[in-house]
Amino acid sequence: MGDDGVASFFTACASAAKEPLALRRLELCRLELSSNGLLKGLQFNGCAANSGSAFENIETLDLSCNTLGVGAQCDAFEALLVSMPALQDIELRDCGLGDAAASGLSSALRKGAGTKLRRLSLAANKISIGGILDLANALSSCSAIKQETFAELNLRGNEGLGDDALAAIVKVFQARTATNFKLDIGETKVGVETIQQLAHTPSLVSLSLAGCRSVAILLPIFFQANNYPSIEYLSLSNCDLGEDDVAHVFEGLLTGALPLLACLEIGANPGVETNKSSGMPQQNLDGPLGNLVLKIKEQRPLVDIHWRIGDSPIKQ
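In what follows, the accompanying structure is described.

Conventions we followed
Residues numbered from 1 in each chain as written. Predicted model: local features only at pLDDT ≥ 70, side-chain atom pairs only at ≥ 80, totals over all residues. Heavy atoms only, no water. Axes fitted to C-alpha atoms, helices over the stretch in contact; angles between N-to-C directions. Helix = DSSP H or I, 4+ residues; strand = E, 2+ residues; numbered from the N terminus. Parallel < 35°, antiparallel > 145°, perpendicular 65-115°, else oblique. Left-handed = near helix turned anticlockwise from the far one by under 90°. Contact = heavy atoms within 4.5 Å. Nonpolar A, V, L, I, M, F, W, Y, C, P; charged D, E, K, R; others polar. Salt bridge = Lys/Arg side-chain N within 4 Å of Asp/Glu carboxyl O. Buried < 20%, exposed > 50% of the residue type's maximum accessible area, 1.4 Å probe, protein only.

Between helix α10 (residues 243–254) and helix α11 (residues 288–299), the least distance of the axes is 10 Å, while the angle of their chain directions is 20°. With respect to their mutual orientation, α10 and α11 come out roughly parallel. The handedness of the crossing between α10 and α11 comes out as left-handed. Along the contact surface, α10 presents Glu243, Val246, Ala247, Phe250, Glu251, Leu253 and Leu254, while α11 presents Leu289, Leu292, Val293, Lys295, Ile296 and Gln299. In the contact of α10 with α11, the residues fall into 9 nonpolar, 1 polar and 3 charged.

Take a look at the structure:
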């Protein structure tokens, strides 16, 4: 469809609607849409103004797998939040976004947009420390954060994100009292500071570190006393964990760590190679690792261990 096709769609909607459309969900995925095309569509007939937008009832917007990293990103993403004040769920996965897009979202948040935001996915993009620090600063003053309605952030696959930037994001959520926060920082450069900050974030119920190759050296922090008091879901899949590392995880669970944990994903690690048909480990079940698994089943029967990526019924 491209920029012209999407702009025509926005134009037709704005022209036909004497009142805001009743549309609640809008999916514009894989359309080769750039941020210039997005901005052009939003600006038509005052659509980017704070009132009069045909799309002001949109609650869920999915723009994943477009070329939004090309063009006037900052203006486009500021216009996006302003023109859709009811937005609760924004999916911007794999759009080639960099710091300019993060700055546009941050600018809109500082101006009071995004008051109903519940979920934001910026997964598989190219955002670096500057963009995330800007976003962290803007989120800290966002009403959705203060009211504790914002509940899920996905930054997976932004490989330029390091420990300082990730820790800054985590600090935004540490004062929350509602235990409803889900965070995916898989395939980033997680370090000691981030893990320590996460350990003392009582609102955190779901954490994915899938694909973080530094996890093995950080495992001892997970199992210190009183860490992660509310976490129910943890993904350590594809973290290059050896058999000793996996044993460390299981031993930690047996000492009472992560007391509310209900689901552990630990697949695609060298220490737990699985049988493709059964999904169960194909080695070491008769050895120390197998004994630990049996003990977990006896002592912590509510913990559901998933050996393959994506095998868990719980979705991030």
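There is more to say, and it comes next.
Under the defined criterion, the tally for this structure stands at 11 salt bridges. The partner of Asp184 in a salt bridge is Arg156, and the shortest N-O contact between them spans 2.9 Å. Of this pair, Asp184 sits in strand β6 (residues 181–184) while Arg156 is found in the loop between β5 (152–154) and α7 (163–172), placing the two residues 28 residues apart along the sequence. Take Asp184: its relative accessible area is 2%, and that puts it in the buried class. For Arg156, a relative accessible area of 24% translates into the label partly exposed. Salt bridges sharing partners connect three or more residues here, namely Asp89, Glu91, Arg93, Arg119 and Glu152.

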